[in-house]
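Fold and contact review
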Amino acid sequence: MKGRRVLWGVIILVAATLLIPGYFIARTYGLFHNEVVLTKYQLAVDVDGEQVDAWPLLAGFAATDKQGELRPLYYRLEGSDLNMLYQLAYGQFEVEASEDNPFLAGRVQYGHLESDYIETRKEYVNAKEYRQDMIFYNDRKEPIFTYDPDAKADGDMVKEIITAGMTRSNGRGGSGVVEDKYLNVTRLFEEKLGISMRVQVDRDRRLATIHMERLK
């Protein structure tokens, strides 16, 4: 009986030894997340049934759900220009024809790159340190959402999403998975602007296409 307990103890120890690194490897590749960062795709936008290049919006900053036909669009909050998503939503762009890429009908030319819809606000907590919020507005300059980078992601408007297979230095001589905060653009725009902005993923053509629709 004692020998059997020892055997089961050894089996459990070996299994734990194998499962723990397996968990961290799986986490690095985002296997426990329902979302995926679109690093392997070209980001495009549907304009009158044609797909045009959405650059300088980047697929590496965009994410969506792993399943579904028209999926929610998430976009990285820090280090990106979310103002261009507003310009798409409000139709403040032109399409420039291009023959560079046979899979795309052209590229987006945004009206301007000034941030009319997003304000970064510093609030000093003492003489040296400050917090920096992002305030989102609609076209009437009414605030619709405030992002506090120090707050925990709420899962509704802001999600923490892993970029599969990538690691980043943690500044302490080590590294960890790349996990950034993403704005749920679809939810914010639908609830506050009355504009639907969703993503259709074409694995074969490596295209992630933004579809827009005014809801009201």
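Rules used throughout
- Numbering of residues begins from 1 in every chain and follows the order in which that chain's sequence is written.
- Residues qualify for local features only when their pLDDT is at least 70, as the model is predicted, and side-chain atom pairs are given and counted only at 80 or more; totals for whole chains, interfaces and linings, by contrast, use all residues.
- With hydrogens and water excluded, all non-hydrogen atoms of the structure serve as input to the side-chain values.
- Side-chain rings of Phe, Tyr and Trp, where Trp is taken by its six-membered ring, are said to pair if the distance between their centres is within 6.5 Å; with planes under 30 degrees apart they count as stacked, over 60 as edge-to-face, and otherwise as tilted.
- The helix and strand labels rest on DSSP assignments: H or I over at least four residues marks a helix, E over at least two residues marks a strand, and numbering proceeds from the N terminus.
- To sort residues, take the accessible area from a 1.4 Å probe on protein chains only and compare it with the maximum for the residue type: under 20% means buried, over 50% means exposed, and anything in between is partly exposed.
- A cavity, in this analysis, means grid points on a 1 Å lattice covering only the protein atoms where a 1.4 Å probe fits yet has no way out; a pocket is instead an open set bounded by protein on both sides within 12 Å along at least five of seven lines, and a residue lines either one if it has an atom within 4 Å of a point.
- Grid points are joined across faces, edges and corners, and a volume is the space filled by probe spheres set on the points.
- Put simply, Ala, Val, Leu, Ile, Met, Phe, Trp, Tyr, Cys and Pro go in the nonpolar bin, Asp, Glu, Lys and Arg in the charged bin, and everything else, Gly too, in the polar bin.
- Among buried residues, those of type Ala, Val, Leu, Ile, Met, Phe, Trp, Tyr and Cys that are joined through side-chain atoms within 4.5 Å constitute a nonpolar core.

A full pass over the atoms with the stated rule returns six aromatic pairs. Centroid distance Tyr 86 to Tyr 117: 4.5 Å. Interplanar angle 10 degrees. Geometry classified as stacked. Placement of the pair is Tyr 86 in helix α2 (residues 83–89) and Tyr 117 in the loop between β8 (106–110) and β9 (118–124), with a sequence separation of 31 residues. For Tyr 86, a relative accessible area of 1% corresponds to the buried category. Taking the centre distance of 5.0 Å and the plane angle of 55 degrees together, the rings of Tyr 86 and Phe 189 count as tilted. With Tyr 86 in helix α2 and Phe 189 in helix α3 (residues 185–192), the pair connects residues that are 103 residues apart, well separated along the chain. What makes Phe 189 buried here is its relative accessible area of 2%.

Bringing the layout of surface pockets into the picture now. Of the voids in this model, the second largest pocket is the one considered here, and its volume is about 230 Å³. Along the wall of the second largest pocket there are 15 residues; nearest its centre are Leu 77, Glu 78, Thr 120, Gln 132 and Met 134. Of the residues that constitute the lining of the second largest pocket, the class distribution is six nonpolar, six polar and three charged.

In this section: the nonpolar core. Judged by nonpolar contacts, the single largest core of 45 residues is most densely connected at Leu 82, Leu 85, Leu 88 and Phe 136. Where this core is concerned, the elements lending two or more residues are β2 (42–47), α2, β8, β10 (130–137), β11 (143–147), α3, β14 (195–202) and β15 (207–214). Sorting elements by how many residues they give to this core places α2 first, with five residues. The next biggest cluster of nonpolar side chains, apart from the first, holds five residues, and it includes Ala 63, Tyr 74, Ile 161 and Tyr 182.

A word on unusual backbone geometry. The residue after Trp 55, namely Pro 56, is reached through a cis peptide bond having omega 15 degrees. Notably, Asp 48 is not glycine yet its phi reads approximately 55 degrees, a positive angle. Phi is positive for Arg 206, close to 55 degrees, though the residue is something other than glycine. With respect to the element layout, Arg 206 can be found in the loop between β14 and β15. By relative accessible area, which is 43% here, Arg 206 ends up partly exposed.

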